[in-house]
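Residue-level listing of the chains:
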Amino acid sequence: MASNDWFEKDFYAVLGVPKDVSAADLKKAYRALARKYHPDSNPDDATAEARFKEISEAHAVLADPAQRAEYDQLRAMGSGARFTAGGGGQGGFEDVFGGMFGGGAGGRRAQQGGAGGFEDIFGGMFGDGRFGQTTGGFRGYGGPTKGRDQTASVSLEFLTAIQGDTVTLERQGGKPLTVKIPAGVSDGQKIRLKGKGERSIDGGPAGDLVLTVSVRKHPVFERDGLNLRVDVPVTFVEATLGATIEVPTLGGDPVKLKVAPGTPSGRVLRVKGRGVTTPKGTGDLLATVQVAVPAHVSAESTKKLREFAESLPAENPRDDLIARARG
């Protein structure tokens, strides 16, 4: 771009931003337009390619604080100003742009492609002075952009989520993806897989794949943070007299627990270290006692049960509940 073109071009209008636009908003506007008019997205479209060059040119100037300041000053002089091509003449091209192109002979060096010339200012915008790169991508001002993140979901069995495993995901239009599921993932947890998302449109790093985990319910166990919960039925006799019972564990052999005499329904017995293991720690297995009432009682057992009940103190276990309810 010849420097005197700056009088003719409104770079702010090209990018659709106000003159007081911040650096962040400028970059955001440029990226949106660059993505829209990028040659890779518009193959064999000369109009889109010309628009893309225009957008890149405007951004290269406005994104550089020094160039933007000079551009604003020159635009403020009005469109009537022009430059002479003389070598070092007063008020000529070199006087205004000498600092930008590196000294009083900057105009000649810019035409010749020497140090401090056209290539130095805009070379970064078009690679090594040419549009595009050998890879076919475009490296815009500030480097290539990262590809967009993608999302996916996976449904896991309860045991798989607790113990961890390697699963294979089928990707639409792509190769299957093997993913290592860490031990202890929970329902609804998101796993970010670096570089497994959408490819960059201009040669930058690929985006990430954000995987949402769904864990199926287990027929026996329920997760509570790092702990596992299980309801364990005990007989009336076991709860009354006490007993040693077996309690199931997830993916392992049952363990033995001691039920103290007079254990009520709802009491929680703890098995240390048999819960969920993650880098944050290991939980416990919490067994909740549920007193099982026999569905069928013989006549003889009924008679003995009545005799047992008559031998007990005349207590109503609901008296305290009713009193507290009345306030």
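Residues numbered from 1 in each chain as written. Predicted model: local features only at pLDDT ≥ 70, side-chain atom pairs only at ≥ 80, totals over all residues. Heavy atoms only, no water.

S.K.: How would you sum up the confidence of the model for the chain? Please name residues and give values.
M.R.: Looking at the chain, the pLDDT average stands at 79 and 77% of residues meet or exceed 70. Below a pLDDT of 50 lies the segment residues 79–141, which in the model reaches 98 contacts outside its immediate sequence neighbourhood of four places, other chains included. (pLDDT = per-residue confidence, 0-100. Contact = heavy atoms within 4.5 Å.)

S.K.: So what about the sheet that holds strand S7 (residues 227–235)? Which residues, and what values?
M.R.: Overall, mixed pairing links the four strands, which are arranged S6-S7-S13-S10 in an open sheet. The sheet is open, and its two borders are formed by strand S6 (222–224) and strand S10 (268–271), each paired with just one other strand. Here the strands of the sheet are splayed against their neighbours by 35 degrees on average, with no regard to which way each runs. Sheet analysis places S6 next to S7, joined by three bridges and oriented antiparallel. The partner of Arg223 across the bridge, within S7, is Leu228. (Pairing = 2+ DSSP bridges. Helix = DSSP H or I, 4+ residues; strand = E, 2+ residues; numbered from the N terminus. Axes fitted to C-alpha atoms, helices over the stretch in contact; angles between N-to-C directions.)

S.K.: Can you lay out the pattern of salt bridges for me, pointing to particular residues and giving the numbers?
M.R.: Under the counting rule described, the total for this entry stands at 15 salt bridges. Where Arg192 meets Asp208, a salt bridge forms, and the shortest distance between an N and an O atom there is 3.2 Å. With a gap of 16 residues between them, Arg192 in strand S4 (residues 190–193) and Asp208 in the loop between S4 and strand S5 (209–215) connect regions that are remote in the sequence. With relative accessibility at 45%, the residue Arg192 sits in the partly exposed group. When its relative accessible area of 2% is taken as the criterion, Asp208 is described as buried. Each member of the salt-bridge network shares a partner with another, and the members are Lys146, Asp149, Arg192, Lys194 and Asp208. (Salt bridge = Lys/Arg side-chain N within 4 Å of Asp/Glu carboxyl O. Buried < 20%, exposed > 50% of the residue type's maximum accessible area, 1.4 Å probe, protein only.)

S.K.: Tell me about the pairing of S7, and please be specific about residues and values.
M.R.: The two faces of a sheet get side chains in turn, since along a regular strand they alternate between them. Counted along the chain from S6 to the antiparallel partner S7, the turn is two residues long, and its residue Gly225 has a positive phi close to 70 degrees. Note: S7 against strand S13 (residues 285–292), eight bridges, orientation parallel. Counted as the bridge partner of Asp231 is Thr288 from S13.

S.K.: If you had to explain the packing of helix H2 (residues 23–37) against helix H3 (residues 46–62) to someone new, which residues and values would you point to?
M.R.: Angle between the axes and distance between the axes: these two values describe a pair of packed helices. Their axes nearest at 9 Å, the elements H2 and H3 cross at an angle of 165 degrees. The orientation of H2 relative to H3 falls into the category roughly antiparallel. The handedness of the crossing between H2 and H3 is left-handed. Only Ala48, Arg51, Phe52, Ile55, Ser56, His59 and Leu62 of H3 make contact with H2, whose side of the interface consists of Leu26, Lys27, Tyr30, Leu33, Ala34 and Tyr37. Here the contact of H2 with H3 is built from residues that sort into nine nonpolar, two polar and two charged. (Parallel < 35°, antiparallel > 145°, perpendicular 65-115°, else oblique. Left-handed = near helix turned anticlockwise from the far one by under 90°. Nonpolar A, V, L, I, M, F, W, Y, C, P; charged D, E, K, R; others polar.)

S.K.: Give me H3: which residues, what numbers.
M.R.: Its 17 residues place the ends of H3 25 Å apart at the C-alpha level, agreeing with the 24 Å of an ideal helix rising 1.5 Å per residue. Taken as a whole, H3 has its buried residues at Ala48, Phe52, Ile55, Ser56, Glu57, Ala58, His59, Ala60, Val61 and Leu62. If you check the start of H3, you find a side-chain oxygen 3.1 Å away from the backbone N of Thr47, and it comes from Asp45. (Expected span 1.5 Å × (residues − 1). Polar contact = N/O pair within 3.5 Å; in protein donor to acceptor, adjacent residues only side chain to side chain.)

S.K.: So what's going on with the sheet that holds S5? Which residues, and what values?
M.R.: Two pairing modes exist for strands in a sheet, parallel and antiparallel, and in both the strands are linked by backbone hydrogen bonds. Ordered by their spatial adjacency, three strands build an open sheet running S1-S5-S4, and the pairing between neighbours is mixed. Lying at the two open borders of the sheet, with one neighbouring strand each, are strand S1 (150–156) and S4. Sheet twist, expressed as the average angle between the axes of neighbouring strands with direction ignored, equals 25 degrees. As paired elements, S1 and S5 share seven bridges and run parallel to each other. Each residue of the ladder has a partner; that of Ser155, found in S5, is Ser214.

S.K.: Tell me about the packing of aromatic side chains, and please be specific about residues and values.
M.R.: All chains considered together, the criterion is met by three aromatic pairs. Look at Phe11 and Tyr71: their rings are 4.9 Å apart centre to centre, the planes differ by 25 degrees, and that puts the pair in the stacked class. Taken as a pair, Phe11 in helix H1 (residues 11–15) and Tyr71 in helix H4 (residues 65–76) lie far apart in primary sequence, 60 residues in all. For the pair Phe11 and Tyr71, one class covers both residues: buried. Their ring planes at 45 degrees and their centres at 6.1 Å tell us that Tyr12 and Tyr71 sit as a pair that is tilted. With a gap of 59 residues between them, Tyr12 in helix H1 and Tyr71 in helix H4 connect regions that are remote in the sequence. (Phe/Tyr/Trp six-rings, centres within 6.5 Å; stacked < 30°, edge-to-face > 60°.)

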